[in-house]
Amino acid sequence: MNRSTRDLLLTALAPVMWGTTYVVTTEFLPADRPFLTALLRALPAGLLLILLSRKLPRGSWWWKSAVIGTLNIAAFFALLFIATYRLPGGVAAVAAAVGPLVTAAATMLILHQKVRVRTWLLGITGVAGVAMVVLTAEAELDLLGALAGIGGAVSMAVAVVLTKRWGIPKEAGPAALAGWQLTAGGLLLIPLAFAAEGALPAFTGTNVLGYLYLGLVNTALGYWLWFRGIGRLSVVPLSFLGLLSPLTAATVGWIALGETFTPWQTAGFAVALAATVTAQLQARPKPAAPQLDEPKTLARV
């Protein structure tokens, strides 16, 4: 396995882990506490990564970490859990699936790079595939939840593009960068959580297990892998890996919750997966053309 393939597969593990967020939130955590859940997912994971990396921001990275942490953690997590609590999983997943399209737009506006027409078409195809998998006739639309889901996708996409633009500081690795952002976002969520939702509820053992999973596996490990990938992969193909999150959520719901999986959903799964794979393939550099031998070399033969 070459390095680029290994980097791709390791990065893909992050959205696969994030695809378990919906079932953990609805089955293991206290109801209607989106800001508290966002806080407990972000801050402990951020502090843990800083402790493990033993690195603090330097110079401009104090404000850069605050900006990306606000977008990628505080805003994204809060909006994600609002959408999760207010929408059926399918509707929330479709809102999140617009990420590649938003990332393409942010790439043009922030990085001033051209985006191919086929990338836009792949993004639309991915959204359509996810919709086939997760939307049902019984799915109800909550306007605030839908806006939160789309807003979360926009916030995360802008953060990813800014991270790509600023890069990963040489004195720190992806674990430190993830830790800075998670901590900054978590600190911003403290006043919001307590002002909007009041005192802490009485946690059950199930709640504690759910929060430990979200903090350690879903977030600390997941975001370390994600920021590692941001430093090594192209930004738009990277965003297509996010489609693995709703596909994972649907698979977990089918296996763990006994939800149905029809031929129509299977076709949608294949469409979304094909869009994701195609986006990675078109980002791979073409192999160099073989060089012709010099005339004097040919003369020796």
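Residues numbered from 1 in each chain as written. Predicted model: local features only at pLDDT ≥ 70, side-chain atom pairs only at ≥ 80, totals over all residues. Heavy atoms only, no water.

S.K.: Please provide a residue-by-residue account of the environment of I50, values included.
M.R.: Inspection of the secondary structure puts I50 in helix α3 (residues 34-53). By relative accessible area, I50 is classed as buried at 17%. If near-sequence neighbours (up to four positions away) are discounted, I50 is found in contact with K55, L56, G179, W180 and T183. (Helix = DSSP H or I, 4+ residues; strand = E, 2+ residues; numbered from the N terminus. Buried < 20%, exposed > 50% of the residue type's maximum accessible area, 1.4 Å probe, protein only. Contact = heavy atoms within 4.5 Å.)

S.K.: Which residues make up the packing of aromatic side chains, and what are the values?
M.R.: Scanning the entire structure with this criterion turns up nine aromatic pairs. When the centroid spacing of 4.8 Å and the interplanar angle of 40° are considered together, the rings of W18 and Y223 count as tilted. With W18 in helix α1 (residues 3-18) and Y223 in helix α10 (residues 205-230), this residue pair connects regions lying 205 residues apart in the sequence. Overall, the relative accessible area of 11% leaves W18 in the buried class. Judged by its relative accessible area of 0%, Y223 falls in the buried class. For the pair W61 and W166, a centre-to-centre distance of 6.5 Å together with 85° between the ring planes defines the contact as edge-to-face. Taken as a pair, W61 in helix α4 (residues 61-86) and W166 in helix α8 (residues 143-166) lie far apart in primary sequence, 105 residues in all. The exposure class assigned to W166 is partly exposed, which follows from its relative accessible area of 23%. Taking the ring centre of F77 as reference, the NZ or CZ of R41 above it sits at 4.2 Å. Residue placement shows K64 over the ring face of W61; its charged tip is 5.3 Å from the ring centre. (Phe/Tyr/Trp six-rings, centres within 6.5 Å; stacked < 30°, edge-to-face > 60°. Lys NZ or Arg CZ within 6 Å of the ring centre and 35° of its normal.)

S.K.: So what about the packing of helix α9 (residues 174-197) against α10? Which residues, and what values?
M.R.: Their axes nearest at 8 Å, the elements α9 and α10 cross at an angle of 120°. Accordingly, the angle class assigned to the pair α9 and α10 is oblique. The two elements α9 and α10 meet at a crossing, and its hand is right-handed. Note on element contacts: α10 touches α9 through T219, Y223, W224, F227 and R228, opposite P174, A175, L177, A178, Q181 and L182. Considering only residue class, the contact of α9 with α10 consists of eight nonpolar, two polar and one charged. (Axes fitted to C-alpha atoms, helices over the stretch in contact; angles between N-to-C directions. Parallel < 35°, antiparallel > 145°, perpendicular 65-115°, else oblique. Left-handed = near helix turned anticlockwise from the far one by under 90°. Nonpolar A, V, L, I, M, F, W, Y, C, P; charged D, E, K, R; others polar.)

S.K.: Can you explain a nonpolar patch on the surface? Please cite residues and give values.
M.R.: Together, L187, I190, F194, L200, F203, V208, L209, L212, L216, V217, L221 and W224 make up a nonpolar patch on the protein surface, roughly 1,000 Å² of accessible area in all. Elements that contribute at least two residues to the nonpolar patch include exactly α9 and α10. The biggest single contributor to the nonpolar patch is α10, with seven residues. (Patch = residues over 30% accessible without salt bridge, like charges linked within 9 Å, V, L, I, M, F, W, Y side chains within 5 Å. Areas by Shrake-Rupley, 256 points an atom, 1.4 Å probe, with all protein chains shown as cover. Salt bridge = Lys/Arg side-chain N within 4 Å of Asp/Glu carboxyl O.)

S.K.: Provide a residue-level description of the side chain of T37, including the pertinent values.
M.R.: Take T37: it is sitting in helix α3. The residues touching T37, leaving out its near neighbours within four places in the chain, are L29, F81, Y85, Y211 and L214.

S.K.: Quick rundown of the pattern of salt bridges? Include the residues and the values.
M.R.: Where side chains of opposite charge bring their charged atoms close, a pairing between them can arise. The full count for this structure, using the stated rule, is four salt bridges. A salt bridge links D7 to R232; the shortest N-O distance between them is 3.2 Å. You can see D7 sitting in helix α1 and its partner R232 sitting in the loop between α10 and α11 (235-240), a full 225 residues away along the chain. On the basis of relative accessibility, which here comes to 5%, the residue D7 falls in the buried class. By relative accessible area, which is 40% here, R232 ends up partly exposed. Three or more residues are tied together by salt bridges with common partners; here these are R3, D7, R228 and R232.

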